[in-house]
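A look at the structure
Now for the letters of each chain:
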Amino acid sequence: TVSHLHPMSSPLSQVSREIAEDRKALEALTGGLVVGMSYPYGCYSDEVVAVAKAQGILYSRTTVATGEFHLPADFLRWHSTCHHGDPRLLDLGKKFLAAPDMGLSLMYVWGHSFEFAWGDSWHIIEDFAADGRPGPRVVLHQHPAVPVRLGHPGGGALRRRQAGLQPHRRDLVV
């Protein structure tokens, strides 16, 4: 949302305005249609979900980490596999890539890029994303207007997403 207000302590009319203003600003910036969001502070209720849906939001991430690789049962309450600071991150990535065919599955890692500077943890996400092996690829999703630091000195190499690349069934999406 525009000001990252806490949705559980704000009037629903204000939550609705925040979502609408944020969509408008992001659509002007990107030239595309914005249909996804994350709930500020990971907080939501049935009423907040209904407001997001009424504003045209089709999916929204929570901060609930499942440690699993399932697609969401409810795209407006999309729980992730883990946060990028989760100590299980590398083990979960190995488990995801080594697992027998799980059918349609996804490893969803969430976080904020500014958090990497707090603990000087760029090397962790780069190790996670290093994909010099054949088979499933790691796909880094970023907006071209948002600078992302890649190639931490001494860390692994992180490939940029190639234009038009569509994630495959066993790709890691970062």
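On a predicted model such as this, the values are computed, not experimentally measured, just so you know.

1. With respect to helix H3 (residues 89-98)
When we look at burial in H3, the residues that qualify are Leu89, Leu92, Gly93 and Phe96. Buried positions in H3, seen along its axis, are confined to an arc of 100 degrees and lie on one side of it. Away from the buried face of H3 by more than 90 degrees, exposed residues Asp91, Lys94 and Ala98 are located.

2. A few points about the confidence of the model for the protein
Note that predicted coordinates carrying low pLDDT should not be read in detail. Looking at the protein as a whole, the pLDDT averages 77, with 75% of positions reaching at least 70. When pLDDT is averaged over each helix and strand of the protein, the minimum, 44, is found for strand S7 (residues 172-173) and the maximum, 97, for helix H2 (residues 46-54).

3. Regarding a nonpolar patch on the surface
Where nonpolar side chains cluster on the molecular surface, the patch consists of Leu58, Tyr59 and Phe75 and spans about 300 Å² of accessible area. Structurally, Phe75 can be placed in the loop between strand S2 (59-65) and strand S3 (78-80).

4. Regarding empty space enclosed by the protein
The tally for this structure, following the rule as stated, stands at two cavities of 30 Å³ or more. Of the volumes computed, that of the largest cavity is approximately 60 Å³. Looking at the largest cavity, the residues that line it are Thr1, Ile19, Asp22, Arg23, Leu26, Val34, Gly36, Met37, Ser38 and Ile57. It is helix H1 (residues 12-30) that provides the largest number of residues to the lining of the largest cavity, a total of four residues. What the second largest cavity holds in volume is close to 30 Å³. Along its surface, the second largest cavity is lined by Thr1, Leu5, Pro7, Val15, Met37, Tyr39, Pro40 and Val48.

5. What to know about unusual backbone geometry
With a phi close to 60 degrees, Tyr41 is a non-glycine residue in the positive phi region. Within the secondary structure, Tyr41 is located in the loop between strand S1 (36-38) and H2.

6. A short note on the packing of aromatic side chains
What describes a pair of aromatic rings is the distance from one ring centre to the other and the angle between the planes of the rings. Considering all chains together, one arrives at seven aromatic pairs under this definition. Centre to centre, the rings of Tyr59 and Trp78 are 5.9 Å apart; their planes meet at 70 degrees, and the pair counts as edge-to-face. Of this pair, Tyr59 sits in strand S2 while Trp78 sits in strand S3, placing them 19 residues apart in sequence. By relative accessible area, Tyr59 is classed as partly exposed at 36%. By relative accessible area, which is 14% here, Trp78 ends up buried. Three or more aromatic residues joined by ring pairs make a cluster, and in this case those are Tyr59, Phe75, Trp78 and Tyr108.

Calculation rules
- Residues numbered from 1 in each chain as written.
- Predicted model: local features only at pLDDT ≥ 70, side-chain atom pairs only at ≥ 80, totals over all residues.
- Heavy atoms only, no water.
- Buried < 20%, exposed > 50% of the residue type's maximum accessible area, 1.4 Å probe, protein only.
- Helix = DSSP H or I, 4+ residues; strand = E, 2+ residues; numbered from the N terminus.
- Arc of directions from axis to C-beta.
- pLDDT = per-residue confidence, 0-100.
- Patch = residues over 30% accessible without salt bridge, like charges linked within 9 Å, V, L, I, M, F, W, Y side chains within 5 Å.
- Areas by Shrake-Rupley, 256 points an atom, 1.4 Å probe, with all protein chains shown as cover.
- Salt bridge = Lys/Arg side-chain N within 4 Å of Asp/Glu carboxyl O.
- 1 Å grid on protein atoms, 1.4 Å probe; cavity = no way out; pocket = protein on both sides within 12 Å on 5 of 7 lines; lining within 4 Å.
- Points joined across faces, edges and corners; volume = space filled by probe spheres on them.
- Phe/Tyr/Trp six-rings, centres within 6.5 Å; stacked < 30°, edge-to-face > 60°.

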